[in-house]
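A closer look at the structure
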Amino acid sequence: GAVVSQHPSWVICKSGTSVKIECRSLDFQATTMFWYRQFPKQSLMLMATSNEGSKATYEQGVEKDKFLINHASLTLSTLTVTSAHPEDSSFYICSAPNPGLREQFFGPGTRLTVL
Amino acid sequence: QQQVKQSPQSLIVQKGGIPIINCAYENTAFDYFPWYQQFPGKGPALLIAIRPDVSEKKEGRFTISFNKSAKQFSLHIMDSQPGDSATYFCAATFSGNTGKLIFGQGTTLQVKP
């Protein structure tokens, strides 16, 4: 199947700092990518849809100014958690649909811990 | 209407058993139903998917049964192994949903040796 990578795989930061997470489609182009967060023992919660060349679409309740998304190319989307706080600690996962097909492939996730 | 309800929350079976995980949905516009497997600390991996025009699909030891009239679908794992111990998520989407997946709540499966 198609491969989606994320970097970093884990990050620890101090409260108040910003953290950038990258999501790359390695062997296909993705005009759309999705960003999820997952708390322990819970399901995936969709945060936003990242659109190449245009603004991201955020789900209800997700703060646009806190979770900045940039989809600068057909293979890269970034999520920046601004002014991170301990409650932002979570597992962040991106996904991208296989072009022309319905399958969606997920990255390995990024564990964010805010101290 | 956008919800997908998954049960049970957790499941324990013996090696060789056949765990069954069930999902139900309301939105009849859903037309694609994938199942994902997730190990701790990893991203979900696509296992198998089905469309509503078929009632069953098998891939290896994994089978999806689909009941369109009841708006339910289920995952069966044949000859389960300890390596199948993971969290399983059902999901649904429709072609007009920009590819957004609606996930069930997840089922944590433990297969005992």
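Residues numbered from 1 in each chain as written. Chains lettered and ligands numbered in written order. Predicted model: local features only at pLDDT ≥ 70, side-chain atom pairs only at ≥ 80, totals over all residues. Heavy atoms only, no water.

Some words on the interface of chain A and chain B
Counted only if it meets this: Between two residues, a contact is recorded if the distance between any of their heavy atoms is within 4.5 Å. Accessible-area loss on putting two parts together, using a 1.4 Å probe and summing over both, is the definition of buried area adopted here. By salt bridge we mean one thing: a side-chain nitrogen of Lys or Arg within 4 Å of a carboxyl oxygen of Asp or Glu. The definition of a polar contact used here is a pair of N or O atoms within 3.5 Å, where within protein one atom must be able to donate a hydrogen and the other to accept one, and adjacent residues in sequence count solely through side-chain atom pairs. Runs of H or I in DSSP of at least four residues are treated as helices and runs of E of at least two as strands, each being numbered from the N terminus.
Tallying the contact residues gives 17 residues for chain A and 21 residues for chain B. Carbon and sulfur atoms supply 55% of the area buried between chain A and chain B, which totals about 1,500 Å² over both sides. Put simply, chain A and chain B have 2 salt bridges between them. The salt bridge involving B:Lys100 is made with A:Glu59; its shortest N-O contact spans 3.1 Å. Our count for the chain A to chain B interface comes out at 6 residue pairs in polar contact (both at pLDDT 80 or more). Elements supplying a minimum of two residues to the side of chain A that touches chain B: strand 4 (32–38), strand 5 (45–51), strand 9 (90–97) and strand 10 (104–106) of chain A. The leading source of residues in the side of chain A that touches chain B is strand 4 of chain A, at 3 residues.

Remarks on the state of the cysteines
Our working definition: For this text, the term disulfide refers to a pair of cysteine sulfurs within 2.5 Å. Here's how the labels work: a residue is buried when its accessible area is under 20% of the maximum for its type, exposed when over 50%, partly exposed in between, all with a 1.4 Å probe on protein chains only.
Counted under the stated rule, the structure contains 2 disulfides over all chains. Note on cysteine connectivity: A:Cys23 is disulfide-linked to A:Cys94, with sulfurs 2.0 Å apart. Note on the A:Cys23 and A:Cys94 pair: the S-S dihedral is about 85°, so by sign convention the disulfide is right-handed. Residue A:Cys23 is found in strand 3 (residues 19–25), and its partner A:Cys94 is found in strand 9; the two are separated by 71 residues along the sequence. What makes A:Cys94 buried here is its relative accessible area of 0%. The disulfide partner of B:Cys23 is B:Cys90, and the gap between their sulfur atoms is 1.9 Å. Of note, the bridge from B:Cys23 to B:Cys90 carries an S-S torsion of about -100° and is left-handed in sense.

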